[in-house]
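Structural description and commentary
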Amino acid sequence: MSVLSLTATRAFWQTRIRKRPLVLSHAINSRCNMKCDFCEYWKQNDAEMTLKEIMRLLDEAKDFGIMIYNAWTVEPLLRDDLPHILLHAKELGIVTFLITNGLLLEKRAEELKDLDYLSVSVDGINSYREIRGVDFKTKILPGIIKAKRYIKNPILMNCVLSGRNLDDIEELIRLAAELDVTVAFEPMYEFSDIADDVWQNIGVRDVDKYRRTVDMITEMKKEGYPIINSYTYLKMVRDMNTDFRCHAGELILNVTADGTIEHCRVQNEALGNVKEGLEKVWENSREKRKQIAHTCHGCLFFGYVENSLLYDMNLEVMRHYKWM
């Protein structure tokens, strides 16, 4: 049996038979070196788990059948002990993901040799300074280029579509091809805690232009550009259609910086705490997770949507979604 077939078999066993999550999505810290006005995570300033607590969490995750560890929020590269965490996950045989804003990537790229997959948030090129307050070409791009030396799998540039960056998208896709990295798109999610004037400033107001931009992304994917999204998902993004069955609460175990276990990044209702034990919290929250999913109006975070469609055996997504 090939490695890919073995991995797929293990994933099927974990999610379909054992009915346990595949991914541990861990908000590894609560600090950030950017203060983007459209983001609510850096404002929470929660306590952070210690290195010892995270090591114990990874040990328990391995025993629970977790196959993927996703370190994200708010800015993982601010943790000095990050290499120790990634090494421990690797030694346990867990696939590691990291999501970063990239501001410290050039400085710390050499420390990511035990990382399997890296995602850098890149919300434009010329518009990046306006959106995030720093220059992309001098502050972020050098880190992406350097990280390519140490990470064997293609680096992902993840772009959130907004009213400010639609003119940048074609150039961003061409840059991804030039750098030999991949690119993904998702629409901006308007969190309720963010001020209305922020959304008025950054939200999509020219819907026709937005749809033309997504159509262009779809066409460039057909032409062979390294866009990882499926066509099914891109159509949903174009039409802002959230009519799908979400399985995020079944596939992903979400842990916040202080160890709280939540349903997902949208319905962030607490289910328990890692101190209670992953298996106990997971089993005791089955009905609550079902109820939350049933009443949720949906989102278009590509990780939730694409993986939910994969879980439902959508053939087009299985063929064209290229994250792993």
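In the block above lies the structure referred to throughout.
Residues numbered from 1 in each chain as written. Predicted model: local features only at pLDDT ≥ 70, side-chain atom pairs only at ≥ 80, totals over all residues. Heavy atoms only, no water.

**Quick word on the environment of Glu316**
The condition is simple: Helix numbering and strand numbering both begin at the N terminus, where a helix is a DSSP run of H or I of at least 4 residues and a strand a DSSP run of E of at least 2. Contact definition: two residues touch when any of their heavy atoms are within 4.5 Å.
If you trace the backbone, Glu316 turns up in helix α16 (residues 315-320). Once residues lying within four places of it in the same chain are set aside, the contact partners of Glu316 are Ser230, Tyr231 and Thr232.

**Focus: the pairing of strand β7 (residues 252-255)**
Put simply, the rule is: Burial here depends on accessible area, computed with a 1.4 Å probe over protein chains only, as a share of the maximum for the residue type. Under 20% is buried, over 50% is exposed, and the range in between is partly exposed. Pairing between strands requires that DSSP locate at least two bridges from one strand to the other.
Neither face of β7 is open: one carries Ile252 and Asn254, the other Leu253 and Val255, and all of them are buried. In terms of strand pairing, strand β1 (residues 23-27) meets β7 through 4 bridges, oriented parallel. When the sheet's bridge partners are listed, His26 is paired in β7 with Val255. Strand direction decides the pairing type here: β7 and strand β8 (residues 260-262), joined by 2 bridges, are antiparallel. Bridge assignment links Asn254 to a residue of β8, and that residue is Glu262.

**Quick notes on the pattern of salt bridges**
Just so we agree on the cut-off: Definition used for salt bridges: Asp or Glu carboxyl oxygen within 4 Å of a side-chain nitrogen of Lys or Arg.
What the rule picks out here adds up to 18 salt bridges. Among the ionic pairs, Asp215 bridges to Arg238, the shortest N-O distance being 2.8 Å. Taken together, the positions of Asp215 in helix α10 (residues 207-222) and Arg238 in helix α11 (residues 231-239) put the pair 23 residues apart, joining distant regions of the chain. Overall, Asp215 belongs to the partly exposed group, its relative accessible area being 32%. Its relative accessible area of 27% is what places Arg238 among the partly exposed residues.

**Looking at the nonpolar core**
Convention followed: Remark: nonpolar core denotes a set of buried residues (Ala, Val, Leu, Ile, Met, Phe, Trp, Tyr, Cys) joined through side-chain atoms within 4.5 Å.
Core analysis: the biggest nonpolar cluster contains 109 residues, and Ile144 and Phe185 have the highest contact counts within it. Looking at which element gives the most residues to this core, the answer is helix α8 (residues 169-179), with 6 residues. Setting aside residues up to four positions removed in sequence, Phe185 forms contacts with Asn158, Cys159, Leu161, Ile169, Leu172, Ile173, Ile217, Ile227, Asn229, Tyr233 and Phe302.

**Re the layout of surface pockets**
So the rule is basically this: Two kinds of site are reported from a 1 Å grid over the protein atoms alone, namely cavities, where a 1.4 Å probe fits but cannot get out, and pockets, open sets with protein on both sides within 12 Å along at least five of seven lines, and residues are called lining when an atom falls within 4 Å of a point. Grid points are joined across faces, edges and corners, and a volume is the space filled by probe spheres set on the points. Three classes are used: nonpolar for Ala, Val, Leu, Ile, Met, Phe, Trp, Tyr, Cys and Pro, charged for Asp, Glu, Lys and Arg, and polar for all others, with Gly counted as polar.
Reported here for the second largest pocket is a volume of approximately 600 Å³. Around the second largest pocket, the lining is made up of 28 residues, and of these Cys246, His247, Glu250, Arg289 and Ala293 lie nearest the centre. Going through the elements one at a time, α12 (248-251), α14 (286-295) and α15 (302-311) are the ones with two or more residues in the lining of the second largest pocket. By residue class, the composition of the lining of the second largest pocket is 12 nonpolar, 9 polar and 7 charged.

**Observations concerning the packing of helix α2 (residues 51-64) against helix α3 (residues 82-91)**
The criterion, for reference: For helices, the axis comes from a line fit to the C-alpha atoms of the stretch in contact; other axes are also lines fit to C-alpha atoms, and the angle between any two N-to-C directions lies between 0 and 180 degrees. Roughly parallel means an angle under 35 degrees; roughly antiparallel means over 145; roughly perpendicular covers 65 to 115; every other angle is labelled oblique. In this scheme, a crossing is called left-handed if the near helix is turned counterclockwise away from the far one by less than a right angle; it is called right-handed if the turn is clockwise.
Packing of α2 against α3 brings their axes to within 10 Å, and their N-to-C directions diverge by 20 degrees. Between α2 and α3, the crossing angle belongs to the class labelled roughly parallel. For the pair α2 and α3, the sense of crossing is right-handed. Facing Leu51, Ile54, Met55, Leu58 and Asp59 of α2, the residues of α3 in contact are His84, Ile85, His88 and Ala89. Here the contact of α2 with α3 is built from residues that sort into 6 nonpolar, 2 polar and 1 charged.

Keep in mind that these numbers describe shape and distance, not what the molecule does.
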